[in-house]
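Chain by chain, the residues:
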Amino acid sequence: LSVARNISILGATGSIGTQTLDVVRLNSEAFNVTALTANKNANLAIEQIREFRPDFVAIADPETAENVKEAVSDLCQIEVGEAALVKAASYPSADIVVAALVGFSCLKPLLAAIGCGKDVAIANKESLVAAGSLVKEALGQSASRLVPVDSEHNSLFQCLQNSKKGVRRVLITASGGPFLHHSKEQLMEVSPNEAVRHPRWDMGAKISIDSATLMNKGLEVIEAAVLFDLPARMIEVLVHPQSLVHGMVEYLDGSTHVVMYEPDMKVAISDALSRLASCSSDKPFHSESLNSGCSFLDFSSGRTLEFIPPDFQRFPCLKLAYRSLEIGGCAPLVLNAANEVAVESYLAEKIGFLQIPMLVEAVLGQYDGQELGSVDDILYRDSWAREQARCWLREYGHSK
Ligand SMILES: NC(=O)c1ccc[n+]([C@@H]2O[C@H](COP(=O)([O-])OP(=O)(O)OC[C@H]3O[C@@H](n4cnc5c(N)ncnc54)[C@H](OP(=O)(O)O)[C@@H]3O)[C@@H](O)[C@H]2O)c1
C-alpha cells in the first residue's frame, strides 16, 4: 500500500505552483497539500485553500492576508509575512517542499527547508544563482535532497542519475523566446506586452522577460554550474525553437543522452515529486503510477528538430551570465539583482528592452570581487547591486 506524501508549496498561486497543484489533483492518492503560500493573489489563494484544505497558509503581503483570513480563516491557520513563509518551508508535517517563489524571496525559506532536513523540489532559480555556495553548504550539513524542477536541469538530473560514465559536457536548450529572429533595431522597439508572450511556455512575467532576453538561459547556466558542480566551459546553450529536447548530456564515450517531451512543466514537476517521494525513508510509494497529464510525443508526424548556436550580439544577457561565472564570488548575485531591477523597470516601461543588458553590464562592472559570506552578506550585496541599478536608472531610464 502506497502512503501519500505531504507537500508544502511555496508560491502556490504562481505558474509552477498552480501546475504543481494540477499534478497533485491528478494524483490525489499520492499527495496531500499540507501548507501553501501566496503573495498578492487573494482570490486564487482562497480557491486553493477551499479545494486542497492545507493545515497552514502563509501570505507574504499583509493586505492580501487580511482578505484571505476574512474568507477562509475557519479552514486553516493563516499567518503573514516572511516569517510565515519560513514556517511553511519548515512545516513539521511536510515531507516535500516545492520551492516556487519568484526571485530572491525564496532564499530564506529554501535555507529553512534544508536546515530542517526537508526534501526540496526546487523551481526557484534566483536563490541558486545568487547564493549557490550557501545553498550547497546548507545541503552538506543536512539530510535534505534537492531535485531540480526547471525543465532543463531536471532533464540533466535524469540523464546524470542514470549513468556512471564520464561527462564531456552538458547542453541546455533555449527556445530562443519570442524575438529569436528580430534584428537589433527591432529589439529596440519591443514592448513588455510582446515580450511576455512566450511562443512555447506559459510562465510568470519575470521569467518570460528573462526568456526573451536569454537571461533566463544565462541564469540556467549558473544554476547548472551550482547543481552539478560543473565549470562554465562544460555547460553549453543551444537554441532549439521546438522546445522538445530539454537537456542533453554528452559522455566521454561519444554518446549523448537526451530528455525529450512536449513543453509542459508538469513532466518535470511530477518527476521531481516522484523521485523525492520514492526516496523518502520508510513509507512505501509507487511512483510508477504517477500521472503528469502531459500529452505524448508523436514521432510519426514528421517533426523537425533544429539546434542553433545562440547569438551573443543580439542577446548579450547570456554572455553577461557566463562572465559572472568566470568572475566568481558574488558576481552571479550582482547579475541577478541588477537583472531583477532591470526587468521590473522594463515591465513598468521605464527602460527599453535593449537597456536591460546595458543596466546589468553597468552594475556588474561596479562589482569589486568580494566573496560570498553569510546570508546577511548576501542580502547586503543584493541591496547594494539594486541600489547601483537604481542609480543607473535615474541617469538613463525614462519615466512614463
Ligand atoms: N514558470 C515556469 O515555467 C518556470 C520554469 C522553470 C523555473 N521557474 C522558476 O520558478 C520560480 C517561480 O516562477 P513562476 O513562473 O511560477 O513565477 P510566478 O508565476 O510569478 O509565481 C510566483 C509565486 O511567488 C509568489 N510571490 C511573488 N513575490 C513574492 C514575494 N515577494 N514574497 C512571497 N511570495 C511571492 C507569487 O504570489 P502571488 O501570485 O499570490 O502574488 C506566486 O505564488 C522562478 O524562480 C522561476 O524562474 C519557472
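Structure: above.
Here the structure is a predicted model, which means the values were calculated and not measured.

(A) Geometry of the site of the ligand. Neighbouring the ligand are 25 residues; T13, S15, K40, E126 and D150 lie closest to it. N124 is positioned such that a nitrogen or oxygen atom in its side chain is 3.4 Å from an oxygen atom of the ligand. K125 places a polar main-chain atom, nitrogen or oxygen, 3.3 Å from an oxygen atom of the ligand.

(B) Structural detail: the pairing of strand β11 (residues 256–260). Of the pairings in the sheet, the one linking strand β10 (residues 245–251) to β11 comprises 5 bridges and is antiparallel in character. Its bridge partner being in β11, V249 is matched across the sheet by H257. Hairpin geometry of β10 and β11 is characterised by an intervening segment of 4 residues between the two adjacent antiparallel strands and by a positive phi of about 95° at G254.

(C) A look at the pattern of salt bridges. On inspection of all chains with the given rule, the structure shows 26 salt bridges. A salt bridge links K217 to E152; its shortest N-O distance comes to 2.8 Å. Of the two residues, K217 is situated in helix α11 (residues 215–228) and E152 in helix α7 (residues 151–161); the sequence distance between them amounts to 65 residues. Across the pair, E152 and K217 agree in class, each one buried. Where E236 meets R169, a salt bridge forms, and the shortest distance between an N and an O atom there is 2.6 Å. Of this pair, E236 sits in strand β9 (residues 235–239) while R169 sits in strand β8 (residues 167–174), and the two are 67 residues apart along the sequence.

(D) Region of interest: the pairing of strand β5 (residues 96–99). Residues I96 and V98 of β5 are buried on one face, and the alternating residues V97 and A99, pointing to the opposite face, are buried as well. As judged from the 4 bridges shared by strand β1 (residues 5–10) and β5, these two strands associate in the parallel manner. Note on β5: the bridge partner recorded for L10 is A99. Looking at chain direction, β5 and strand β6 (residues 119–122) are connected through 4 bridges and run parallel. Across the sheet, I96 pairs through a bridge with D119, a residue of β6. Following the chain from β5 across helix α5 (residues 107–115) to the adjacent parallel β6, one finds a crossover that is right-handed.

Definitions and cut-offs
Residues numbered from 1 in each chain as written. Predicted model: local features only at pLDDT ≥ 70, side-chain atom pairs only at ≥ 80, totals over all residues. Heavy atoms only, no water. Near = heavy atom within 4 Å. Polar contact = N/O pair within 3.5 Å; in protein donor to acceptor, adjacent residues only side chain to side chain. Pairing = 2+ DSSP bridges. Helix = DSSP H or I, 4+ residues; strand = E, 2+ residues; numbered from the N terminus. Salt bridge = Lys/Arg side-chain N within 4 Å of Asp/Glu carboxyl O. Buried < 20%, exposed > 50% of the residue type's maximum accessible area, 1.4 Å probe, protein only. Right-handed = clockwise from strand over helix to strand, strands pointing away.

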